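Residue strings, one per chain:
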Amino acid sequence: MTKTVAMREHSQFQHGTGRIPPQAVDLEEAVLGAILLEKDAMMEIADILSPKMFYVEANQLIFEQCARLSLDGEPIDLLTVTAALRTSGNLEKVGGAYYLTGLSDRVVSSANIEYHARIVAQKYVQRELIRQSIQIIEACYDDTEDVFETMAAADFSRDELLTQITSRKEASNVEVVGEALEDIRRYQQSPTKNLTGVPSGFTKLDELTGGWQPSDLIILAARPAMGKTSNALTMAINAASAGNPVAVFSLEMTSKQLAAKEISIVSGVPFGRIRNKHLGPEDWAQVEHHMSTISALPIHWDDTAGISITELCAKAKRLKRKEGIRMVIVDYLQLITTGARGKNGNREQEVGFVSRTLKGLAKELDIPVIALSQLSRAVESRPGNSKRPMLSDLRESGSIEQDADIVMFLYRPEYYDIHEDESGLSTDGLAEIIVAKHRNGACDDIQVRFDKNTTGFTDWDAGQSWDGFSSPSDGITPNQQFDGGFGNVPTLRSSSMNDLNDDGPF
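Looking now at the pairing of strand 1 (residues 217-222). In terms of burial, strand 1 is a largely internal element, 6 of the 6 residues being buried. Where burial is concerned, the two faces of strand 1 agree: the one with L217, I219 and A221 and the one with I218, L220 and A222 are both buried. Pairing between strand 1 and strand 5 (residues 369-374): 6 bridges, direction parallel. Note that in strand 5 the partner of L220 across the bridge is L372. As paired strands, strand 1 and strand 6 (residues 406-411) are joined by 4 bridges and run parallel to one another. By the bridge assignment, L220 is partnered in strand 6 with M408.

Moving on: the packing of aromatic side chains. Under the counting rule described, the total for this entry stands at 2 aromatic pairs. A ring pair is formed by F54 and F63, whose centres lie 4.9 Å apart and whose planes are at 35°; its orientation type is tilted. Assessed through its relative accessible area of 2%, F63 is described here as buried. A cation over an aromatic ring shows up here: K261 above the ring of F271, its NZ or CZ 4.7 Å from the ring centre. Between the NZ or CZ atom of R412 and the centre of the ring of F450, over which it lies, the distance is 4.4 Å.

We now examine the pattern of salt bridges. In total, this model carries 11 salt bridges according to the counting rule given. Between R118 and E114 there is a salt bridge, with its nearest N and O atoms 3.2 Å apart. Placement of both R118 and E114 in helix 8 (residues 113-141) is noted, with a separation of 4 residues, approximately one turn of the helix. By relative accessible area, which is 41% here, R118 ends up partly exposed. With its nearest N and O atoms 2.6 Å apart, the salt bridge here joins D302 to K315. Of this pair, D302 sits in strand 3 (residues 299-302) while K315 sits in helix 16 (residues 309-323), and the two are 13 residues apart along the sequence. Under the relative-accessibility criterion, D302 is labelled buried at 2%. Classification of K315 as buried rests on a relative accessible area of 8%.

With that settled, consider the packing of helix 3 (residues 25-37) against helix 8. It is at 9 Å that the axes of helix 3 and helix 8 come closest, and there the two elements cross at 140°. Our classification of the angle between helix 3 and helix 8 gives oblique. Note on packing geometry: the crossing formed by helix 3 with helix 8 is left-handed. Of the residues in helix 8, those touching helix 3 at L27, E28, A30, V31, A34 and I35 are I113, H116, A117, I119 and V120. Of the residues belonging to the contact of helix 3 with helix 8, the class tally is 9 nonpolar, 1 polar and 1 charged.

Where a strand is regular, its side chains alternate between the two sheet faces. Bridge analysis of strand 7 (residues 430-438) against strand 8 (residues 444-450) gives 6 bridges, and the strand direction is antiparallel. Directly across from I434, in strand 8, lies its bridge partner D445. Here strand 7 hands over to strand 8 after 5 residues, the two strands then running antiparallel side by side. Bridging between strand 8 and strand 9 (residues 457-459) involves 3 bridges; their strand directions are antiparallel. What sits directly across from V448, in strand 9, is D459.

Moving on, we get to the nonpolar core. One finds W212, I219, V328, I329, L358 and M408 to be the most contacted residues of the largest nonpolar core, which totals 77 residues. Sorting elements by how many residues they give to this core places helix 12 (residues 228-241) first, with 7 residues. Leave out the neighbours within four places in its chain, and I219 touches L333, A371, S373, L394, I400, A404, I406, V407 and M408. Core analysis: the second largest hydrophobic core is formed by 39 residues, V25, L32, I48 and I113 among them.

We now examine the environment of V379. By secondary structure assignment, the location of V379 is in the loop between strand 5 and helix 18 (399-403). Residue class for V379 comes out buried when judged on its relative accessible area of 1%. As a C-alpha pair, V379 and S392 span 13 residues in sequence and 9.9 Å in three-dimensional space. When residues no more than four places from it in sequence are discounted, the contact partners of V379 are R223, K387, P389, D393 and Y416.

Per-residue confidence for the protein gives a mean pLDDT of 76, with 79% of residues at or over 70. Strand 10 (residues 495-496) is the least confidently modelled element of the protein, averaging 38 in pLDDT, while strand 4 (residues 327-331) averages 90, the highest of any element. This stretch, residues 1-15, has a pLDDT under 50; its non-local contacts, to residues over four places away or in other chains, come to 29 contacts. Within the model, pLDDT remains below 50 along residues 463-506, and this stretch shows 106 contacts once partners closer than five positions in the same chain are excluded.

Inspection of the secondary structure puts K261 in helix 13 (residues 255-267). Buried K261, no salt bridge; nearest opposite-charge side chain is D331, N-O distance 8.9 Å. Leaving out residues up to four positions away in the same chain, K261 has contacts with S230, L233, M253, F271 and T455.

Two numbers describe how helix 12 lies on helix 13: the axes approach to 10 Å, and their chain directions differ by 65°. It follows that helix 12 is roughly perpendicular to helix 13 by the angle criterion. The two elements helix 12 and helix 13 meet at a crossing, and its hand is right-handed. Touching T229, S230, L233, T234 and I237 of helix 12 are L258, K261, E262, I265 and V266, all from helix 13. The residue inventory of the contact of helix 12 with helix 13, partitioned by class, reads 5 nonpolar, 3 polar and 2 charged.

So, how was this worked out
Residues numbered from 1 in each chain as written. Predicted model: local features only at pLDDT ≥ 70, side-chain atom pairs only at ≥ 80, totals over all residues. Heavy atoms only, no water. Buried < 20%, exposed > 50% of the residue type's maximum accessible area, 1.4 Å probe, protein only. Helix = DSSP H or I, 4+ residues; strand = E, 2+ residues; numbered from the N terminus. Pairing = 2+ DSSP bridges. Phe/Tyr/Trp six-rings, centres within 6.5 Å; stacked < 30°, edge-to-face > 60°. Lys NZ or Arg CZ within 6 Å of the ring centre and 35° of its normal. Salt bridge = Lys/Arg side-chain N within 4 Å of Asp/Glu carboxyl O. Axes fitted to C-alpha atoms, helices over the stretch in contact; angles between N-to-C directions. Parallel < 35°, antiparallel > 145°, perpendicular 65-115°, else oblique. Left-handed = near helix turned anticlockwise from the far one by under 90°. Contact = heavy atoms within 4.5 Å. Nonpolar A, V, L, I, M, F, W, Y, C, P; charged D, E, K, R; others polar. Core = buried A, V, L, I, M, F, W, Y, C linked by side-chain atoms within 4.5 Å. pLDDT = per-residue confidence, 0-100. Lys, Arg positive; Asp, Glu negative; His and termini not counted.

Spelled out as structure tokens, the structure:
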């Protein structure tokens, strides 16, 4: 009787495909019988199965009750499960005590329970893939559905399903310590052994952070026109020049505009000339001299306007699998949409959802994610020279500060017509990276140099006046701490994440 109900509940599969969905009811019963028979059986498969993975509704309810008893530290056997189901009002729904007795009579031991559980999980995955495929088909026939949102949601659902079935089991102390020692040994043998993460290219900042660490969410916030996009782009170039593939999601500027900035920063040719396409012979010679370096940088661009957080995560995961990206940069956080997920929430809730999702993406891919953010106008309204940003200035959501591992502010005194610091020294070209929150380390103010011509950034105390990355006139790069900087870039091609769709609207 119960199985018939379960079949009816999954009739959408039959309606969509004309066939009974994948199932292993006999193995579901064998798993439950083993749990009722031996007290430790539940522990063996708790990280493999969840109630929704069972095809038969009665088996879902029984497994859910067993999981609750296990969580409460109660014994699991025929009597305790029967009593618990009776108390919850579900005993008759599962077929009564007779059905439970039949389950316990079906097995002799739990010796093969893990093998059986994995087959049950596999059948669930097959059913979910069928269900998702039917939803995609229905959405494609619905003219009111946005095709981009449908594609992104499909990728997101598939990745979530993959995460469910590939979650790592517990590891012994010996394994964990061994992995930690191996990491230490690998970094000791590395030419950049002072860094344990992706380099930013700024010496003092890398000394403070050890490089951008895997699974960290880094927020770089500033008022408009402060140079945060150029600063993030400079860090992307520095990371890529050290052999770290980077994905840059730009919601504000096109990839061509960013490429023009990239050319200016690397070649040293003023950005204004490149933007206006007024290059003299010397400028062309300088650009051509650096083109092999620029084109070899493993930077992957996506300039999809109004991209949803679902689509962004799906693209980042695909790039991680295909290109092995080691860092993601998002410009900027407040422009990301939440799609259908955010239709019923206010703006603060939407931004909070985006920041939480980006933190989850960093953890899942085990790479740093740098998200740019706007600051509120409160900075502008402060009297006198007190324009330095603070954590309370983060715009639209306090959850940004909560979710971030590092919060940095970019501050240029010259922007506010402050031409001398408190000591009377000139602020010409001075920019500060203010590390206001650092979950795993100290906070500090890092002085860097801003080049108004190229919009690039470099170390403040580089011992030279800034005129761009290595050029025939100076021969010095701010990346030399990375063993030669651009000179040792692997031969990877700079590419766009939209290359596969050059012939269509995608």
